[in-house]
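Listed here are the chains, written in short residue letters.
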Amino acid sequence: MPKMEHSGAILTIDLGAVCANWLSLRERLSGLAECAGVVKADGYGLGAEKVAAALSGAGCRIFFVAHLDEALGLRAVLPDAEIHVLNGLMPGCAPEYIENRLVPVLNDLGSIDAWREFCVAQDQALPADVHVDTGMSRLGLPPGEVAILADQPHRLEGFTLANLISHLACADEPDHPLNRQQLADYRTALATLPAARRSFANSSGIFLGAEYHFDLARPGVALYGGNPTPGKPNPMTQVIRLQGKILQVRDVDTPLTVGYGATHKVTGPTRVATVAVGYADGFLRSLSSSGYGYIGGVRVPIIGRVSMDLITLDVSSVPHSQSLPGGLIDLIGPDNPVDAVAESAGTIGYEILTSLGRRYHRVYVDGN
Ligand SMILES: Cc1ncc(COP(=O)(O)O)c(C=O)c1O
């Protein structure tokens, strides 16, 4: 990680806010439902090991990642946690799951057979999850394979069925009919398969109501401050702040243009601040002439194209003393949270978070 003085931007990550978000989600769950933490993609870009260690301290004991290597990294810092690998069992990797006490999510009949055969050969009934596809058509057993499994229950013998999981496609749209359809199909699958812990809701799924909670919720984005209830006020606490450093400030006037492609034409005297953040830092190019920064609560628009290492902002509305080289501009923060930046970029908060660059100086704090 670059030193503070060397870096073009400072990314502050509030682990206290991540824990507060997890606790508030857990609070929302009905009955005895447990709350896991989804920390795939390096904890949605914020540092999986730091995030998971903080969550573990707050009481979280079940984690989901996508890749085996993500699970191995997590195991190194969390010797006792339950770690589940959503992308499933990779051929030839079963011994690594076992050595590291990792739980594969089995997404098809072939993986179920492979895990069972491996467990029988080891003479150990090791845990695995089975993912039932109820409407994503992505990972998991389609209804035809669920029916085969229900007819041939011996295929689930020889290992421990830990979780029966499924994943919602439209949980962030509460009125979408697919939510209820998936709920019904999940219930049908549960009724035909042996009993196991049931895990259905992601962040937004938790807000669909108690019937979606089952035994274990799997929130990701809401832990990191993303709004699980789009269109309504965000119930989560913001977690990150990204402050870009001003490298240069110049006064320009017509007939000049700013940046590549000369897309921004100056219409009058303008003060332009050049900040050391670009698309190579995951600051998306679609923010060209559409995103904003903030200086002391004052909005300063991005003008011209986002380039690889730089952006340019119109700081004319800010006193000179607040927009000098070496000063900081809030690119993500209290005034422009992740979801607002995502909207300006024409994407979702998930992409903003998971794109956060490696050249930022990262500061972990516990804001609580
Ligand atoms: C299977 C599964 N469960 C849970 C999650 C967490 O979802 P969210 O970040 O929307 O809470 C994801 C994320 O993509 C997922 O793929």
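Note that this is a predicted model, so its numbers are computed, not measured.

Calculation notes
- Residue indices begin from 1 for each chain and proceed along its sequence in written order.
- Local features are withheld for residues below a pLDDT of 70 in this predicted model, meaning they are given only at 70 or higher, and side-chain atom pairs are given and counted only at 80 or more; totals for whole chains, interfaces and linings count all residues.
- The side-chain numbers reported here are obtained from all heavy atoms of the structure, hydrogens and water having been left aside.
- In this text, helices come from DSSP runs of H or I with a minimum length of four residues, and strands from runs of E with a minimum of two, each type numbered from the N-terminal end.
- A 1.4 Å probe rolled over the protein chains alone gives each residue an accessible area, and that area as a share of the maximum for its type sets the label: buried under 20%, exposed over 50%, partly exposed in between.
- Only heavy atoms enter the contact rule, under which two residues are in contact if any of them lie within 4.5 Å.
- Using a 1.4 Å probe, accessible areas were evaluated by the Shrake-Rupley method; residue-level cover was limited to the displayed protein chains.
- For the charge count, each Lys or Arg is scored as positive and each Asp or Glu as negative, with His and the chain ends excluded.
- Taken as the charge centre is NZ of Lys, CZ of Arg, CG of Asp or CD of Glu, depending on the residue.
- Proximity is defined per residue: any heavy atom of the residue falling within 4 Å of a molecule or strand makes that residue near it.
- Counting of polar contacts relies on pairs of N or O atoms within 3.5 Å, with two restrictions inside protein: one atom must be capable of donating a hydrogen and the other of accepting it, and residues adjacent in sequence are counted only when both atoms are side-chain atoms.
- Any pair of Phe, Tyr and Trp rings, taking the six-membered ring for Trp, is counted once the centres come within 6.5 Å. Such a pair is stacked with planes under 30 degrees apart, edge-to-face with planes over 60 apart, and tilted for the rest.
- Where each domain begins and ends is defined by an automated method or by a domain database.
- Think of a salt bridge as a Lys or Arg side-chain nitrogen and an Asp or Glu carboxyl oxygen that are within 4 Å of each other.
- Nonpolar cores were defined as sets of buried Ala, Val, Leu, Ile, Met, Phe, Trp, Tyr and Cys residues, with membership established by side-chain atoms within 4.5 Å.
- Comment: axis = line fitted to C-alpha atoms, over the contacting stretch for helices; angle = value between 0 and 180 degrees taken between N-to-C directions.
- An angle counts as roughly parallel when it lies under 35 degrees, as roughly antiparallel when it exceeds 145, as roughly perpendicular when it falls between 65 and 115, and as oblique in every other case.
- Note on convention: near helix rotated counterclockwise from far helix by under a right angle means a left-handed crossing. Clockwise means right-handed.
- Think of it as three bins: nonpolar holds Ala, Val, Leu, Ile, Met, Phe, Trp, Tyr, Cys and Pro, charged holds Asp, Glu, Lys and Arg, and polar takes everything else, Gly as well.
- By this rule the span expected of a helix is its residue count minus one, scaled by 1.5 Å.
- By definition, two strands form a pair when at least two bridges between them are found by DSSP.

**Observations concerning the overall build of the protein**
Inference 1: Scanning the protein for helices and strands turns up 11 helices and 19 strands.
Inference 2: In terms of principal-axis extent, the alpha carbons of the protein reach across some 75 × 40 × 40 Å.
Inference 3: Each of the 368 residues in the protein was classed as buried or not, and the buried ones make up 52%.
Inference 4: Residue pairs in contact within the protein that sit at least 24 positions apart in sequence constitute 66% of those at least 6 positions apart.
Inference 5: A total of about 15900 Å² of accessible surface is found on the protein, and carbon and sulfur atoms cover 53% of it.
Inference 6: One finds the centroid of the 28 positive side-chain charges in the protein at a distance of 6 Å from the centroid of its 38 negative side-chain charges.

**A look at the site of the ligand**
Inference 1: The ligand sits among 13 residues. The nearest are Lys40, Tyr44, Ser203, Gly220 and Tyr350.
Inference 2: At 3.0 Å from a nitrogen atom of the ligand is found a side-chain nitrogen or oxygen belonging to Arg218.
Inference 3: The contact in question runs from an oxygen atom of the ligand to an N or O atom on the backbone of Gly220, over 2.8 Å.
Inference 4: Considering the ligand on its own, with 400 Å² of exposed area, one finds that the protein chains cover 92% of that surface.

**Re the packing of aromatic side chains**
Inference 1: For the coordinates displayed, the defined rule picks out 7 aromatic pairs.
Inference 2: Ring plane angle 10 degrees and centroid distance 4.5 Å describe the contact between Tyr186 and Phe200, whose orientation is recorded as stacked. Separated by 14 residues along the polypeptide, Tyr186 in helix H8 (residues 177-192) and Phe200 in the loop between strand E9 (197-199) and helix H9 (203-206) bring together distant segments of the chain. Side by side, Tyr186 and Phe200 carry an identical accessibility label, which is buried.
Inference 3: Seen from their ring centres, Phe200 and Tyr212 are 6.1 Å apart, and the 5 degrees between their planes marks the pair as stacked. Pair noted here: Phe200 is in the loop between E9 and H9 and Tyr212 is in the loop between H9 and strand E10 (216-217), with a separation of 12 residues, a long-range link. Each member of the pair Phe200 and Tyr212 is classed as buried.
Inference 4: Taken together, the ring pairs in this structure connect Tyr186, Phe200, Tyr212 and Phe214 into an aromatic cluster.

**As for the side chain of His213**
Inference 1: By the secondary structure assignment, His213 is in the loop between H9 and E10.
Inference 2: Engagement of the side chain of His213 in a polar contact is seen with the backbone oxygen of Ile206, the distance being 2.7 Å.
Inference 3: Once you skip the residues sitting within four places of it in the chain, His213 turns out to touch Arg28, Leu29, Ser30, Ala33, Gly205 and Ile206.

**Overview of the domain arrangement of the protein**
Inference 1: Assigned domains of the protein: these are domain 1 (15-224) and domain 2 (240-336).
Inference 2: Here the C-alpha centre of domain 2 lies 42 Å away from the C-alpha centre of domain 1.

**Points about the pattern of salt bridges**
Inference 1: By the definition in use, this model includes 14 salt bridges.
Inference 2: With a shortest N-O distance of 2.8 Å, Asp330 and Arg241 are connected by a salt bridge. Residue Asp330 is located in strand E18 (residues 328-332), and its partner Arg241 is located in strand E11 (residues 240-252); the two are separated by 89 residues in the primary sequence.

**Examining the environment of Tyr212**
Inference 1: Overall, Tyr212 belongs to the buried group, its relative accessible area being 2%.
Inference 2: In this structure, the C-alpha to C-alpha distance between Tyr212 and Asn179, residues 33 residues apart in sequence, is 9.2 Å.
Inference 3: Once you skip the residues sitting within four places of it in the chain, Tyr212 turns out to touch Leu168, Asn179, Arg180, Leu183, Phe200, Ala201 and Gly205.
Inference 4: Here Asn179 takes part through its backbone oxygen, which lies 3.5 Å from a polar atom of the side chain of Tyr212.

**Brief notes about the nonpolar core**
Inference 1: If you look at the biggest cluster of nonpolar residues, it comprises 110 residues, and the most contacted ones within it are Trp115, Val130, Ile240, Phe283 and Ile329.
Inference 2: The leading source of residues in this core is helix H1 (residues 15-28), at 6 residues.
Inference 3: Composition of this core by domain shows at least three residues from each of domain 1 (15-224) and domain 2 (240-336).
Inference 4: Excluding anything up to four places from it in sequence, Phe283 contacts Leu242, Val277, Gly278, Ile302, Val306, Ile311, Leu331 and Tyr360.

**Examining the packing of helix H3 (residues 48-58) against helix H4 (residues 68-77)**
Inference 1: Packing of H3 against H4 brings their axes to within 10 Å, and their N-to-C directions diverge by 50 degrees. Considering their axes alone, H3 and H4 lie oblique with respect to each other. The chirality of how H3 crosses H4 is right-handed. Along the contact surface, H3 presents Ala48, Glu49 and Ala52, while H4 presents Gly73, Leu74 and Val77.
Inference 2: Residue composition of the contact of H3 with H4, by class: 4 nonpolar, 1 polar and 1 charged.

**Topic: helix H6 (residues 109-122)**
Inference 1: With 14 residues, H6 should reach 20 Å at 1.5 Å per residue; the first-to-last C-alpha distance of 20 Å fits that figure.
Inference 2: Within the span of H6, buried status applies to Leu109, Ser111, Ile112, Asp113, Trp115, Arg116, Phe118 and Cys119.
Inference 3: Residues of H6 that are buried make contact with helix H5 (94-99), strand E6 (102-106), strand E7 (127-131) and helix H7 (143-151).
Inference 4: Capping the start of H6 is the job of one residue whose side-chain oxygen sits 3.0 Å from the backbone nitrogen of Gly110: Asp108.
Inference 5: Positioned one or two residues after H6, Asp123 has a phi angle of 60 degrees, which is positive.

**Re the pairing of strand E16 (residues 298-301)**
Inference 1: Summarising the sheet, strand E15 (residues 292-295) and E16 pair through 4 bridges and their orientation is antiparallel. Bridging across to E16, Gly293 finds its partner in Val300.
Inference 2: Taking the residues that link successive antiparallel strands as the turn, the E15-E16 hairpin has 2 residues, and the phi of Gly296 there is positive, at about 55 degrees.

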